[in-house]
Amino acid sequence: MKAGLFPDLIVNGETVPHAVVAAEAQNHDAPAGKPGIAWRKAANAVAVRTLLLQEAHRQALTPEPAEVGPGRFETDEEALIRGLLETSVAVDAPTEEEVKAEWARDPSRFRSPPLWEVSHILCACDPRDKEAKEKALQRANVLSERLKVRPRDFVALAKTDSDCGSKSSGGALGQLGPGDTVPEFEKVLLDLDEGAITPEPVLSRHGYHIVRMDAVAKGQELPFEAAKRAITIAMEKAAWARSAHGYVQELAAAAQITGADLKPI
């Protein structure tokens, strides 16, 4: 993407380097052949970040980076923005009546987590290794085509061809719930019917999987008391997001910005 094709981003007199917007543009999708859309999205995101940092500096806030993972901490900029929003955005907790009204709108939305009993055959590879990835996919495709003809061979093939330790039990992984496996694997489980085998190999960070859904226990509808805490948290998060958006809009309305319009794209 040629940065020179796009206007400079200037926020309250501060010119943001094109390289900063170009780097941010890598995080935004755009239709093929339309890099301008990714640039506009990136310019808006960077403009908002710049506005927030300017306000944090105006308020003389001190960054206090929080740990966001084992041994991983926020950057100073992330800590400043978080600190600004924590001090500037506040919402009231919803009342019990409001929470109950949200639950009553459609109680079927609130269920206990599902359980899946799953087996798989793994053709292991590092997806970043192109050659290994192609070889693993070839193996997986051969196994997948055989299972389309003889699905009852699943256990036998798992025992002889799977690269997972579960091969000793015919590929059985036992019961899994949400969060028990990597997201790309779990995504498949959400749509796989009981007794079904994935029609095509599924890629995860561990390689290609052929997955069989042995049994499904769908989550049960929760009574209000059991669902109340989760609903309260969700409502608080939604209210906070709306308030934070309003706060940013207020900063933008008082700012002078060129090179970004802060409109949804």
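Just so it is clear, the model here is predicted, and its values are computed rather than measured. (Residues numbered from 1 in each chain as written. Predicted model: local features only at pLDDT ≥ 70, side-chain atom pairs only at ≥ 80, totals over all residues. Heavy atoms only, no water.)

Visitor: Looking at this structure, how should I read the side chain of Ser119?
Guide: Inspection of the secondary structure assignment puts Ser119 in strand 5 (residues 115-124). Of note is the side chain of Ser119, whose polar atom sits 2.6 Å from the side chain of Asp214. Excluding its chain neighbours within four sequence positions, the residues that come into contact with Ser119 are Phe154, Gly170, Gly171, Ala172, Leu173, Ile210, Val211, Arg212 and Asp214. (Helix = DSSP H or I, 4+ residues; strand = E, 2+ residues; numbered from the N terminus. Polar contact = N/O pair within 3.5 Å; in protein donor to acceptor, adjacent residues only side chain to side chain. Contact = heavy atoms within 4.5 Å.)

Visitor: Would you explain the sheet that holds strand 9 (residues 257-258) in this entry?
Guide: Adjacent strands of a sheet pair through backbone hydrogen bonds, lying either parallel or antiparallel. The three strands lie next to each other as 2-1-9, forming an open sheet whose pairing is antiparallel. Two strands lie at the open edges of the sheet, namely strand 2 (14-16) and strand 9, each paired on one side alone. Sheet strands touched by helix 2 (residues 35-58): strand 1 (9-11), strand 2 and strand 9. Its angle to strand 1, the strand with the most contacts, is close to 25°. (Pairing = 2+ DSSP bridges. Axes fitted to C-alpha atoms, helices over the stretch in contact; angles between N-to-C directions.)

Visitor: When you look at helix 2 in this model, what are you seeing that I'm missing?
Guide: Three- or four-residue spacings in an α-helix give side chains the same orientation, since the helix completes a turn every 3.6 residues. For helix 2, built from 24 residues, the straight-helix expectation of 34 Å at 1.5 Å per residue is met to within 8% by its first-to-last C-alpha distance of 34 Å. Just downstream of helix 2 lies Ala60, where phi reads positive at about 55°. (Expected span 1.5 Å × (residues − 1).)

Visitor: What am I meant to see in the nonpolar core here?
Guide: One recurring pattern in soluble globular proteins: nonpolar side chains tend to sit buried together. Within the largest apolar cluster, 27 residues are counted, with the highest numbers of intra-cluster contacts made by Leu9, Val21, Leu51, Leu52, Leu85 and Tyr247. The element best represented in this core is helix 2, accounting for nine residues. (Core = buried A, V, L, I, M, F, W, Y, C linked by side-chain atoms within 4.5 Å. Buried < 20%, exposed > 50% of the residue type's maximum accessible area, 1.4 Å probe, protein only.)

Visitor: What am I meant to see in the pairing of strand 8 (residues 207-217) here?
Guide: Each regular strand shows side chains that alternate between the opposite faces of the sheet. When strand 5 meets strand 8, the two strands line up antiparallel, connected through ten bridges. Bridge pairing links Leu115 to Ala217 in strand 8. Hairpin connection, strand 7 (residues 202-204) to strand 8: the antiparallel pair is bridged by two residues.

Visitor: Whenever I open this one, the pattern of salt bridges confuses me. Can you help?
Guide: Here the idea is simple: oppositely charged side chains can pair when their charged atoms come close. One pass over the structure, following the stated rule, counts 18 salt bridges. Note that Glu74 and Arg82 form a salt bridge whose closest N and O atoms lie 2.9 Å from each other. What makes Arg82 partly exposed here is its relative accessible area of 26%. The closest approach of N and O atoms between Asp126 and Arg128, which form a salt bridge, is 3.1 Å. Assessed through its relative accessible area of 33%, Asp126 is described here as partly exposed. Assessed through its relative accessible area of 75%, Arg128 is described here as exposed. (Salt bridge = Lys/Arg side-chain N within 4 Å of Asp/Glu carboxyl O.)

These figures capture arrangement, not role.
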